[in-house]
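Observations on chain architecture
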Amino acid sequence: MAQTPAITITGASGRMGQMLLQTVLNSDKARLVGAVERKGHPWVGRDVGEAMGGQAVGVVVTDEPLEAFALSQAVIDFTAPAATLEFAALAAQARAVHVIGTTGMSEDDLEKLEPASRHAVIVRAGNMSLGVNLLTKLTEKVAAALDEDFDIEIIEAHHHHKVDAPSGTALMLGEAAAAGRGVSLSDMRDSGRDGITGARKRGDIGFAAIRGGDIVGEHDVLFASAGERIILRHVATDRAIFARGALKAALWGQGKKPGHYDMMDVLGL
Ligand SMILES: NC(=O)C1=CN([C@@H]2O[C@H](COP(=O)(O)OP(=O)(O)OC[C@H]3O[C@@H](n4cnc5c(N)ncnc54)[C@H](O)[C@@H]3O)[C@@H](O)[C@H]2O)C=CC1
Ligand SMILES: O=C(O)C1=N[C@H](C(=O)O)C[C@H](O)C1
């Protein structure tokens, strides 16, 4: 019988790294072959199961990504932009599917992913959950149905460790709202209001970010006009939804042509 795809998880000790490790270890559709952390991290050299406080699983955490990637059919990567750019080149070299959950990547960073996507499959999304990807579709439809009498605001809330804003999800939702309206988000984006900002400009797409405690991730898309408001909302209560989506993407990517895909492709939305 054919073996299940071999997976490496980068950022193994992180909030998402540990969730991804548990998800792959508990799956009968994939097997864990690698766990990567940054140089100098105390987990490097330890069995990743023991490092997480459980039984040994026979995978030692490494700070040499290419060694792990060479054994893998997929790399699942929720780390930081600079690390993700390095991993994209190495995953392409190993011809492994690179599933990227990392957010906070600039336009320049995204361009730097393109050479890797000519040689291997990249699946990247600011949110890997089914619910948010469905919400993204709904946002585009509602924005297309309403005119600029409805102000669009995207409000997101996350835990106090989060380093980037607006969240990757908020930007996905903003792109969808802009697409529905037939405009470019970069022309309409209004984030980080502070001080005497002047009145809201008609047609702008606004962003607001809340950071506090252990909030996993909450997103509202508000359509506000004179006399009525529509609010589309997604609330994540468990990071497992992101990890399940990422594993689905890693399996979906097997045998696909090289290219840069997203979760809409994976979910067929
Ligand atoms: N697309 C999605 O569905 C989701 C995306 N995210 C994103 O995933 C990223 C990680 O989030 P968290 O797990 O909460 O962060 P975290 O800070 O808990 O984990 C990041 C991990 O990456 C490791 N890391 C950083 N540089 C590295 C390198 N060069 N080599 C190896 N490991 C390296 C860190 O040591 C850390 O363990 C963020 O960008 C976040 O926004 C988070 C949840 C869902
Ligand atoms: O950093 C997080 O935690 C999350 N990041 C993603 C984002 O930036 O939207 C997805 C999710 O909301 C959790």
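Residues numbered from 1 in each chain as written. Chains lettered and ligands numbered in written order. Predicted model: local features only at pLDDT ≥ 70, side-chain atom pairs only at ≥ 80, totals over all residues. Heavy atoms only, no water.

Let's talk about the overall build of the protein
From N to C terminus, the protein includes 11 helices and 12 strands. Taking 2.2 N^0.38 as the reference for a compact globule, 269 residues should give roughly 18 Å; the C-alpha atoms of the protein span a radius of gyration of 20 Å, in line with that estimate. A principal-axis box enclosing the C-alpha atoms of the protein has dimensions of 60 × 40 × 30 Å. Burial analysis of the protein (269 residues in total) assigns 50% to the buried set. Counting only contacts in the protein whose residues sit at least 6 apart along the sequence, the fraction spanning at least 24 positions is 68%. (Helix = DSSP H or I, 4+ residues; strand = E, 2+ residues; numbered from the N terminus. Rg over C-alpha atoms; globule rule 2.2 N^0.38 Å. Buried < 20%, exposed > 50% of the residue type's maximum accessible area, 1.4 Å probe, protein only. Contact = heavy atoms within 4.5 Å.)

Examining helix 10 (residues 240–252)
Think of an α-helix as 3.6 residues a turn; residues three or four steps apart then line up on the same face. End to end, helix 10 covers 18 Å across 13 residues, agreeing with the expected 18 Å (1.5 Å per residue, within 8%). Listing the buried residues of helix 10 in full gives A240, F242, A243, G245, A246, L247, A249, A250 and W252. (Expected span 1.5 Å × (residues − 1).)

Some thoughts on the UniProt feature "binding site: NADP(+)" (unreviewed entry) in the protein
Per the UniProt record, the feature "binding site: NADP(+)" (unreviewed entry) sits at R38. Inspection of the secondary structure puts R38 in the loop between strand 2 (31–36) and helix 2 (48–51). R38 gets classed as exposed once you look at its relative accessible area, which sits at 54%. Look past the residues within four positions of R38 in its chain and what remains in contact with it is V44 and D63. (UniProt positions renumbered as here; feature names shortened; annotations may be inferred.)

Regarding the nonpolar core
Within the largest apolar cluster, 37 residues are counted, with the highest numbers of intra-cluster contacts made by I7, V48 and I76. Looking at this core, the element that brings in the most residues is helix 10, giving 7 residues. For I76, the contacting residues outside a window of four places in its chain are I7, T8, I9, T10, L20, V99, A246, L247 and A250. Counting residues in hydrophobic clusters, the runner-up holds 17 residues, among them A143, A178, L185 and F223. (Core = buried A, V, L, I, M, F, W, Y, C linked by side-chain atoms within 4.5 Å.)

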